[in-house]
Amino acid sequence: LLVLFSKEPDRIPINAQEDRSQFNRNKGEKVLYFEIAEENKFEEQIKTSDIIYFRGGSTERIINKLMQYRGFKNLLKNKIIGAESAGVNALSTCCFSFKLGKIFNGLGVIPYKVICHFDEYKKDKLDGVSNNLKQLNLKEYEYTVLKQDL
């Protein structure tokens, strides 16, 4: 399930094609079936999907859209989740958005405070915020695998 809620509506077809191409280049012999998340079907789409991918874009836009779904975190139980940039920010407990230069509260799916597109300039942007949480610094083109039960 490709979740492109962080994108402007006119960008969704282009970004969906980019995502399909990227996943197909890296899938090996596996057969992948793609579906684009739709706001009015989203909860049912999650239930019928094995893998859910949250694309980057606007942190504020994706958080606002995902907040509409009660029990969102519970819907993700037993799913494989991939995310990048604003998608990671939305799933985090809190994050720093460099684009907007501010801190956001995420949806708490992953119990981390997050800085995407990390570099030394951003290292202290979450100092003093949610000190009980580990900080996840994601540099460009790097990824982290987190295994957890939701």
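If you're wondering where the values come from, they're calculated on a predicted model, not measured in any experiment.

Procedures and definitions
Residues numbered from 1 in each chain as written. Predicted model: local features only at pLDDT ≥ 70, side-chain atom pairs only at ≥ 80, totals over all residues. Heavy atoms only, no water. Pairing = 2+ DSSP bridges. Helix = DSSP H or I, 4+ residues; strand = E, 2+ residues; numbered from the N terminus. Core = buried A, V, L, I, M, F, W, Y, C linked by side-chain atoms within 4.5 Å. Buried < 20%, exposed > 50% of the residue type's maximum accessible area, 1.4 Å probe, protein only. Contact = heavy atoms within 4.5 Å. Axes fitted to C-alpha atoms, helices over the stretch in contact; angles between N-to-C directions. Polar contact = N/O pair within 3.5 Å; in protein donor to acceptor, adjacent residues only side chain to side chain. Salt bridge = Lys/Arg side-chain N within 4 Å of Asp/Glu carboxyl O. Arc of directions from axis to C-beta.

Chemist: Sorry if this is basic, but what is going on with the sheet that holds strand β3 (residues 80-83) here?
Modeler: Backbone hydrogen bonds hold the strands of a sheet together, and the pairing may be parallel or antiparallel. With respect to topology, 3 strands assemble into an open sheet ordered β1-β2-β3, the strand pairing being parallel. The sheet is open, and its two borders are formed by β1 (2-3) and β3, each paired with just one other strand. In this structure, strand β2 (residues 51-54) lies alongside β3, joined through 4 bridges in parallel fashion. Each residue of the ladder has a partner; that of Tyr53, found in β3, is Gly82.

Chemist: How do you make sense of the nonpolar core when you look at a structure like this?
Modeler: A general feature of soluble globular proteins is that nonpolar side chains tend to end up buried together. Grouped together as the largest cluster of nonpolar side chains are 28 residues, with contacts concentrated most on Phe42, Phe54, Phe72 and Val114. Broken down by secondary-structure element, the contributors of at least two residues to this core are α2 (42-47), β2, α3 (59-66), α4 (72-75), α5 (86-91), β6 (112-116) and β7 (134-138). Of the residues forming this core, the biggest block, 4 residues, is contributed by α5. Beyond its immediate chain neighbours, meaning those up to four positions away, Phe42 contacts Leu1, Val3, Phe5, Ala37, Phe54, Leu66, Tyr69 and Phe72.

Chemist: It is not clear to me how the sheet that holds β6 should be interpreted in this structure. Could you clarify?
Modeler: One open sheet holds the 4 strands; their spatial order is β5-β4-β6-β7, and the pairing between them is mixed. Each having just a single partner strand, β5 (102-105) and β7 make up the two edges of the open sheet. Each neighbouring strand pair of the sheet contributes to a mean axis angle of 20°, computed without reference to strand direction. Relative to β5, α3 is tilted by about 15°, and along the sheet it contacts β4 (94-97) and β5.

Chemist: In this structure, what is going on with the side chain of Asn89? I would like to understand it.
Modeler: Within the secondary structure, Asn89 is located in helix α5. Here the side chain of Asn89 touches Thr59 through a polar contact of 2.9 Å, side chain to side chain.

Chemist: What's the story with the pattern of salt bridges in this structure? I'm lost.
Modeler: If the charged atoms of two oppositely charged side chains come close together, the side chains can form a pair. Applying the stated rule across the entire model yields 7 salt bridges. One salt bridge connects Asp19 with Arg55, and the closest N-O pair in it is separated by 2.8 Å. Here Arg55 lies in the loop between β2 and α3 and Asp19 lies in helix α1 (residues 12-25), a separation of 36 residues in the sequence. Between Lys65 and Glu39 there is a salt bridge, with its nearest N and O atoms 2.9 Å apart. Of this pair, Lys65 sits in helix α3 while Glu39 is found in the loop between α1 and α2, placing the two residues 26 residues apart along the sequence. Among the charged side chains, a salt-bridge network with shared partners connects Glu18, Asp19 and Arg55.

Chemist: Any chance you could explain α3 here in plain terms?
Modeler: For α3, the full list of buried residues reads Thr59, Ile62, Ile63 and Leu66. Angularly, the buried residues of α3 cover 100° about the axis, an arc narrow enough to put them on a single face. Of the surrounding elements, those touching the buried residues of α3 are α2, β2, α4, α5, β4 and β5.

Chemist: Please explain the pairing of β4 as it appears in this structure.
Modeler: Consecutive side chains of a regular strand alternate in pointing toward one face of the sheet and then the other. Here β4 shows two buried faces, one formed by Cys94 and Phe96 and the other by Cys95 and Ser97. Of the strand pairs in this sheet, β4 and β5 are connected by 4 bridges, and their pairing is antiparallel. Looking at the pairing, Ser97 lines up with Lys102 of β5. Here β4 runs beside β6; their pairing, made up of 3 bridges, is parallel. In the strand pairing of β6, Cys95 is matched with Val114.

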